[in-house]
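Inside the fold
Take a look at the letters that make up each chain.
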Amino acid sequence: MTRTCVAISEADAASALAVAREALARGAECLELRFDAMAELPGDLTPFSQLEGRKIATLREREQGGGWEGTTEAKWEFLRRAAKAGFDIDLELGHPLVSRTHLLRPAKVIVSYHDLKKTPSVARIIEVLVECSARSDMAKAAFQVRTVHDLAQLVEAAQLFALTRERFTLIGMGELGMATRVLAHRMGSLLSYAAVSPGKETAPGQLDLETAKWLGKEPMVTGIVGSPLDHTVSPALHTAAYRASAVRGTYLKWVTMVDELEDLLDVVDALGIRGFNVTIPHKEGILPLLDSVDAVAEGIGAVNTVINEGGRLVGRNTDVIGVQRTFEHHKVEVKGRPALVLGAGGASRAVLQFLTTEGAEVDITNRTMGKAEALARMFGARPVALRAAEERRYDIIVNCTPLGMKGFPQEAPISPHALHEGQFVMDTVYNPPVTPLLAEASRKGARAVNGMDMLIYQALASFELWTGKAVEREVMERAFREALP
Ligand code: NAP
């Protein structure tokens, strides 16, 4: 059974004791006292020995990310006192004192290894765990996870090392390693380290105790797969939905390169991750890697939501639902109305699917006309050059290019000439909330709607597919406005 171990790093014994008592009161199942963080080692360990439950004493060396710079003998003298006071002892792999651990009995000994820069190969991770196990009661290894490939290596190493039946804890540090922390028991780890409160982390990616306790041992884990993910607000929307629906879960970010998609799927399978959203550049490329794809996603050739149905990965597309609900929300009649789609990428496919299915007369234009022609054929729309489109009168215009988006040219994708009163103009862009296209559309008296509705409705639909819970739109809208004030 995995225990939540709060790592306490305070500058003096009195503060460490206060934090330790607070952590125990708030449900910590184990404490790690980082004595290396103290300016002076406590002479009397009695108050510490009176703390309930398992306690680990650590004097982490500087090169392993700690603050201990004293001599080996001073370290030994302190750790022996700590062992007598009821602490378990953490020692670094390769430290000369590891050869004396039998003298610390009956205290339990953890031999640990930390690489704050990288994750090595599976073979090397296992080698480290074997070396840590040799002279300890529990092996602990923590590696900085920089890529999804690193994460996959750690998960595979955990699966293989678990076959030895040795006791271990294996941690991926950093944002990309979060899954190894929230799903510590699926990794086979005995300890899941947490900070007493946000800002008190002793390693990158550590959860705070309140979050760790709320998530429990079997949280639902979902997330987003794509690259880049710097500006995504999806984690804020889904975190709010988890809290509002009382489903104990978390939504992680996996920055994934094209050649790492299979690694990501291995991690999803091994850790039982419930599902994930797919964004640029994988919406199309992921299709052949899934076990099945529903008719809508297959029809438009793009998946934005994957559900792990007991080991079978099923692809769906909730972007289409996002578009549909946006039009319903704004009570826009579609049937028989002339409509223009700007752009021929992933978002355009969802918009085309909705508009053509609902019977609009759809034109499509794009910077690369060949792509517009291909999508027009696929969906029964008409390709049209931008110049020609600017001369036509459309009731509906939807921008599916990134023009106007933060970080892209701040210009409208079509001349103001094409905008008029009574028209419905939707921009799939939501950051900034008012793009040059929407500003111009409003000036002309058109109804201007940004991409927030589409984003929220697709997120609500994905959340429901994973959890079975329907969450109020307001929950995600509030989170959206807080994330993008
Ligand atoms: P995508 O697959 O990369 O397609 C981008 C499209 O925009 C392509 O047709 C591309 O033309 C065109 N384009 C790119 N840069 C351009 C430029 N400088 N001038 C003119 N056209 C340009 O991207 P996507 O996934 O469809 O996303 C497109 C937009 O939709 C993004 O702004 C994204 O944020 C937004 N979006 C919003 C939601 C939402 O829920 N609100 C969901 C998905 C996407 P070429 O074919 O010539 O390259």
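Structural notes, computed from the coordinates. (Residues numbered from 1 in each chain as written. Predicted model: local features only at pLDDT ≥ 70, side-chain atom pairs only at ≥ 80, totals over all residues. Heavy atoms only, no water.)

Below, the discussion takes up the sheet that holds strand β4 (residues 88–92). With parallel pairing, the nine strands of this open sheet are ordered in space as β7-β6-β5-β4-β3-β2-β1-β8-β9. Unpaired on one side and paired on the other, β7 (168–173) and β9 (207–208) mark the two borders of the sheet. Sheet topology places strand β3 (residues 54–58) next to β4; three bridges connect them, and they run parallel. Each residue of the ladder has a partner; that of Thr 58, found in β4, is Asp 90. Across the face of the sheet, helix α3 (residues 72–84) comes into contact with β3 and β4 while running at roughly 155 degrees to β4. (Pairing = 2+ DSSP bridges. Helix = DSSP H or I, 4+ residues; strand = E, 2+ residues; numbered from the N terminus. Contact = heavy atoms within 4.5 Å. Axes fitted to C-alpha atoms, helices over the stretch in contact; angles between N-to-C directions.)

Here we come to the nonpolar core. The biggest cluster of nonpolar side chains holds 110 residues, and the ones touching the most others in it are Phe 35, Phe 48, Ile 89, Leu 170, Trp 254 and Phe 276. Counting only domains with at least three residues in this core, you end up with domain 1 (3–217) and domain 2 (222–317 + 456–480). Excluding residues within four positions of it along the chain, Phe 48 makes contact with Ala 13, Ala 16, Leu 17, Leu 33, Phe 35, Met 38, Pro 42, Lys 55 and Phe 87. Phe 327, Val 351, Ala 360 and Ala 372 belong to the second-largest nonpolar core, a separate cluster that totals 30 residues. (Core = buried A, V, L, I, M, F, W, Y, C linked by side-chain atoms within 4.5 Å. Buried < 20%, exposed > 50% of the residue type's maximum accessible area, 1.4 Å probe, protein only. Domains from an automatic or database assignment.)

With that settled, the discussion passes to the packing of aromatic side chains. For the coordinates displayed, the defined rule picks out eleven aromatic pairs. Between Phe 35 and Phe 87, the aromatic rings sit 5.6 Å apart at their centres with planes inclined by 75 degrees, giving edge-to-face as the arrangement. Of the two residues, Phe 35 sits in the loop between β2 (30–34) and α2 (46–49) while Phe 87 sits in the loop between α3 and β4, which places them 52 residues apart along the sequence. The exposure class assigned to Phe 35 is buried, which follows from its relative accessible area of 1%. With relative accessibility at 0%, the residue Phe 87 sits in the buried group. Members of the aromatic cluster, connected to one another through ring pairs, are Phe 35, Phe 48, Phe 78 and Phe 87. In this structure, Arg 100 packs its charged tip against the face of Trp 76, placed 5.0 Å from the ring centre. (Phe/Tyr/Trp six-rings, centres within 6.5 Å; stacked < 30°, edge-to-face > 60°. Lys NZ or Arg CZ within 6 Å of the ring centre and 35° of its normal.)

Turning our eyes to something else, we now look at the environment of Gly 336. If you trace the backbone, Gly 336 turns up in the loop between α12 (319–329) and β16 (338–342). C-alpha of Gly 336 to C-alpha of Val 362: the two residues are 26 residues apart in sequence and 9.2 Å apart in space. If near-sequence neighbours (up to four positions away) are discounted, Gly 336 is found in contact with Gly 359, Ala 360 and Glu 361.

A few words now on the pairing of β7. Burial runs high along β7: six of the six residues are buried. Here β7 shows no split at all, with Phe 168, Leu 170 and Gly 172 on one side and Thr 169, Ile 171 and Met 173 on the other all buried. Between the parallel elements strand β6 (residues 138–144) and β7, the chain passes through helix α5 (residues 148–162) in a crossover that is right-handed. (Right-handed = clockwise from strand over helix to strand, strands pointing away.)

Next up on the list: the packing of helix α13 (residues 346–357) against helix α14 (residues 369–379). Packing of α13 against α14 brings their axes to within 10 Å, and their N-to-C directions diverge by 35 degrees. In the crossing of α13 with α14, the sense of the turn from one axis to the other is right-handed. Between α13 and α14, the contacting residues are Ser 348, Arg 349, Leu 352, Gln 353 and Thr 356 on the first element and Leu 375, Met 378 and Phe 379 on the second. Tallied by class, residues from the contact of α13 with α14 come to four nonpolar, three polar and one charged. (Left-handed = near helix turned anticlockwise from the far one by under 90°. Nonpolar A, V, L, I, M, F, W, Y, C, P; charged D, E, K, R; others polar.)

Not every one of the 22 residues close to the ligand is listed here, only the nearest: Ala 344, Ala 347, Asn 366, Thr 368 and Lys 371. Here an oxygen atom of the ligand and a backbone polar atom of Ala 347 are 2.8 Å apart. Note that an oxygen atom of the ligand is positioned 3.3 Å from one of the backbone N or O atoms of Leu 455. About the coverage of the ligand: the protein hides 79% of its 920 Å² of free accessible area. Taken together, the elements giving at least two residues each to the shell around the ligand come down to α13 and α17 (452–467). (Near = heavy atom within 4 Å. Polar contact = N/O pair within 3.5 Å; in protein donor to acceptor, adjacent residues only side chain to side chain. Areas by Shrake-Rupley, 256 points an atom, 1.4 Å probe, with all protein chains shown as cover.)

Further remarks concern the pairing of β16. Among the five residues of β16, four are classified as buried, and the element is accordingly described as predominantly covered. The pairing of β16 with strand β17 (residues 361–365) spans five bridges and is parallel. Looking at β17, one finds that Pro 338 is bridged to Glu 361. Considered for its hand, the β-α-β crossover made up of β16, α13 and β17 is right-handed. Across four bridges, β16 lies against strand β19 (residues 396–399) in parallel orientation. Each bridged residue has a counterpart across the sheet, and for Val 341 the counterpart in β19 is Val 398.

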